[in-house]
Structure formats: structure tokens, C-alpha cells
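# Architecture at a glance
Next come the chains, spelled out residue by residue.
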Amino acid sequence: NAGVTQTPKFRILKIGQSMTLQCTQDMNHNYMYWYRQDPGMGLKLIYYSVGAGITDKGEVPNGYNVSRSTTEDFPLRLELAAPSQTSVYFCASRRRRGDSPLHFGNGTRLTVT
Amino acid sequence: SQKIEQNSEALNIQEGKTATLTCNYTNYSPAYLQWYRQDPGRGPVFLLLIRENEKEKRKERLKVTFDTTLKQSLFHITASQPADSATYLCALDVEDTNAGKSTFGDGTTLTVKP
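The structure contained in this document is the topic of the report that follows.

Scoring rules and cut-offs
- Residues numbered from 1 in each chain as written.
- Chains lettered and ligands numbered in written order.
- Predicted model: local features only at pLDDT ≥ 70, side-chain atom pairs only at ≥ 80, totals over all residues.
- Heavy atoms only, no water.
- Helix = DSSP H or I, 4+ residues; strand = E, 2+ residues; numbered from the N terminus.
- Rg over C-alpha atoms; globule rule 2.2 N^0.38 Å.
- Buried < 20%, exposed > 50% of the residue type's maximum accessible area, 1.4 Å probe, protein only.
- Lys, Arg positive; Asp, Glu negative; His and termini not counted.
- Charge placed at Lys NZ, Arg CZ, Asp CG, Glu CD.
- Pairing = 2+ DSSP bridges.
- 1 Å grid on protein atoms, 1.4 Å probe; cavity = no way out; pocket = protein on both sides within 12 Å on 5 of 7 lines; lining within 4 Å.
- Points joined across faces, edges and corners; volume = space filled by probe spheres on them.
- Nonpolar A, V, L, I, M, F, W, Y, C, P; charged D, E, K, R; others polar.
- Phe/Tyr/Trp six-rings, centres within 6.5 Å; stacked < 30°, edge-to-face > 60°.
- Contact = heavy atoms within 4.5 Å.
- Buried area = accessible area lost by both parts, 1.4 Å probe.
- Salt bridge = Lys/Arg side-chain N within 4 Å of Asp/Glu carboxyl O.
- Polar contact = N/O pair within 3.5 Å; in protein donor to acceptor, adjacent residues only side chain to side chain.
- Core = buried A, V, L, I, M, F, W, Y, C linked by side-chain atoms within 4.5 Å.
- Axes fitted to C-alpha atoms, helices over the stretch in contact; angles between N-to-C directions.

## Thoughts on the overall build of chain A
- Along the backbone of chain A there are 0 helices and 11 strands.
- Starting at the N terminus and ending at the C terminus, chain A contains elements arranged as β-β-β-β-β-β-β-β-β-β-β.
- Relative to a compact globule of 113 residues, whose C-alpha radius of gyration would be 13 Å, chain A shows 13 Å and is just as compact.
- Among the 113 residues that make up chain A, the fraction classed as buried is 48%.
- In chain A, the 13 positive side-chain charges and the 8 negative ones have mean positions that sit 4 Å from each other.

As C-alpha cells, this is what we get:
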């Protein structure tokens, strides 16, 4: 039972490059989320999805895009990478809103130089 | 503005003692409050969830309290062990229409010394 899988684990980008962070879950969860975590800080919500075909912005969506074509996959796209996007990115899913726990992947550590 | 504050960035205690971590919030009315453990280089792992109408929840050596009047949750680890050393995050869920969004505190790093 893999849970939430994120790839790649590490990536270095040059300013202005683009990339897609992959996230897949095998628990048939409808709710999926992308968070970023800066050093010594908590998690900030970037985008979320409540089901296939439905996405919405979180707290810090600028510079990112998402899509949700299937229940399993929720990729995060970075266009025109900037140093401010250097962070650790976590994908999470949950069975339902509210009283069910979040299941996290182990993150993608991204450096933009 | 809405804010979640966890007590001091770092907490150091001796093995065998009880660790108490605090999560205070302002301008929220959370329906649920969760606690997660995060180890270096890993994603957060769920520990406990408590509902707004529950005062206390226990799981093995862990205990969470939730005081909606004080706007505070306390997280206790009894008989602490060096293996309990990690960063602990609290997260709030507000009952809303459909998003299921959780808002996280910045975390408290616990070090348990042998």
C-alpha cells in the first residue's frame, strides 16, 4: 500500500525554467492538496482539489498551476521558476473533509538558482 | 487576522518526563484540530484528531486537550523517549462547504535527551 507518492525527491531549477511535480495516491481519496514548507515554518496551502476535474486556489497560488484529470493524480506545475519558489513541496490527500486525517507524501525539495 | 501559534520553536526535555506542546489560535472557530509528527526529510504523519465538542482524546502515551473558550489545544507525550524527538504540527479545520482545507501552525521541535 503505497499511500501518497511524490516525484522527484529533489530538483534544482534555473530561474525561468518550468517543471511539474508529480503526486499520485492509491487510496481513492477525493480530496487532494499541495502545500509548501519553508525552513522552520508550517505548511502553506497552494492549491487543492475536491475531486477529479475540480481545483481551487489556496493561500499562496501565484506562480503555480494544477490539474486533476483522475482521482489518483494531482500534478503541480511551476512556470517561470523564481528563487522565492525554493521550498519543500508536500502533496496530501484525505478521504473526506473535516474529521479524516491528511496523508502526506515525503515531499519534493526544490531549489531555484 | 487569523493566526495559529505553537509554543516556542524548540522544547528540550529529559527522557521519562512529560512533554507538553501548545497550540493557540485566534479568529478561528475550528470544528476539528489535528496533531501531526514530522521527522527531518519526511512528510507529516497524523497522530490525533479532536472535535470541537470533545475535551480530551488519548492514544497510548499521547493526550490532546481542546479548549474552545481559551482557544487552545495542549498535546502531551507522557514517559517521553528519545524516539519521540521530532517536530510536532497542529492543524485546524474550519467547518466549511466543501474544501476540507487544514491550516497549520509553524510547529514545535521536541528533543528528548537520554
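## With respect to the pairing of strand S5 (residues 43–51) of chain A
Residue and element names in this part refer to chain A.
- When you tally the buried positions in S5, you get 8 out of 9 residues, the bulk of the element.
- In terms of strand pairing, strand S4 (residues 31–37) meets S5 through 6 bridges, oriented antiparallel. In the strand pairing of S5, Gln37 is matched with Leu43.
- Linking two consecutive strands that pair antiparallel, namely S4 and S5, is a turn of 5 residues; a positive phi of about 70° is found at Gly40 within it.
- Bridging between S5 and strand S6 (residues 54–57) involves 4 bridges; their strand directions are antiparallel.

## Focus: the layout of surface pockets
- What the largest pocket holds in volume is close to 570 Å³.
- Forming the walls of the largest pocket are 30 residues, and the residues nearest its centre are Gln37, Val88 and Arg109 of chain A together with Gln38 and Gly41 of chain B.
- Of all elements in the fold, only strand S9 (87–94) and strand S11 (108–112) of chain A together with strand S9 (86–94) and strand S11 (108–113) of chain B reach the threshold of two or more residues within the lining of the largest pocket.
- If you tally residues by element for the lining of the largest pocket, the top one is S11 of chain A, at 4 residues.
- Broken down by class, the residue content of the lining of the largest pocket amounts to 9 nonpolar, 14 polar and 7 charged.
- Here the second largest pocket is characterised by a volume of approximately 360 Å³.
- The wall of the second largest pocket is formed by 18 residues, among which Glu59 of chain A together with Gln2, Tyr28, Ser102 and Thr103 of chain B lie closest to the centre.
- Elements with a contribution of two residues or more to the lining of the second largest pocket: S5 of chain A together with strand S1 (3–6), S9 and strand S10 (102–104) of chain B.

## Points about the packing of aromatic side chains
- Taken as a whole and assessed by the stated rule, the structure comprises 13 aromatic pairs over all chains.
- Measuring from ring centre to ring centre gives 5.8 Å for Phe104 of chain A and Tyr36 of chain B, while their planes differ by 90°; the resulting arrangement is edge-to-face. Placement of the pair is Phe104 of chain A in strand S10 (residues 103–104) and Tyr36 of chain B in strand S4 (residues 30–38), with the two residues belonging to separate chains.
- A relative accessible area of 0% places Tyr36 of chain B in the buried class.
- Taken together, a centroid distance of 6.1 Å and an interplanar angle of 75° make the contact between Phe104 of chain A and Phe104 of chain B edge-to-face. With Phe104 of chain A in strand S10 and Phe104 of chain B in strand S10, this residue pair bridges two chains.

## Things to note about the interface of chain B and chain A
- Chain B puts 24 residues into the contact, and the matching count from chain A is 22 residues.
- Around 1,900 Å² of area is buried between chain B and chain A when both sides are counted, 49% of it from carbon and sulfur atoms.
- In terms of surface lost to chain A, no three residues of chain B exceed Lys101, Phe104 and Asp106 of chain B, which account for 24% of the buried area on that side.
- Between chain B and chain A we count 2 salt bridges in total.
- Here Arg51 of chain B and Asp99 of chain A are joined by a salt bridge, their closest N and O atoms 3.0 Å apart.
- Across the contact surface, chain B and chain A share 8 residue pairs in polar contact (both at pLDDT 80 or more).
- For the side of chain B that touches chain A, the secondary structure elements donating two or more residues are S4, strand S5 (45–51), S9 and S10 of chain B.

## Looking at the nonpolar core
- Formed by 24 residues in total, the largest nonpolar core has its most connected members in Trp35, Phe75, Tyr88 and Leu110 of chain B.
- Elements with a contribution of two residues or more to this core: strand S2 (10–14), strand S3 (19–26), S4, S5, strand S7 (62–67), strand S8 (72–77), S9 and S11 of chain B.
- Core analysis: the second largest hydrophobic core is formed by 20 residues, Met27, Phe74, Leu76 and Cys91 of chain A among them.

## Re the sheet that holds strand S1 (residues 4–7) of chain A
Residue and element names in this part refer to chain A.
- Across the sheet, which stays open at both edges, the 4 strands sit in the order S1-S3-S8-S7 with antiparallel pairing between neighbours. Sheet topology places S1 and strand S7 (64–66) at the edges, where each strand pairs with a single neighbour. Within this sheet the neighbouring strands show an average axis-to-axis angle of 20°, counted without direction.
- Across 3 bridges, S7 lies against strand S8 (residues 76–78) in antiparallel orientation. Each bridged residue has a counterpart across the sheet, and for Tyr64 the counterpart in S8 is Leu78.

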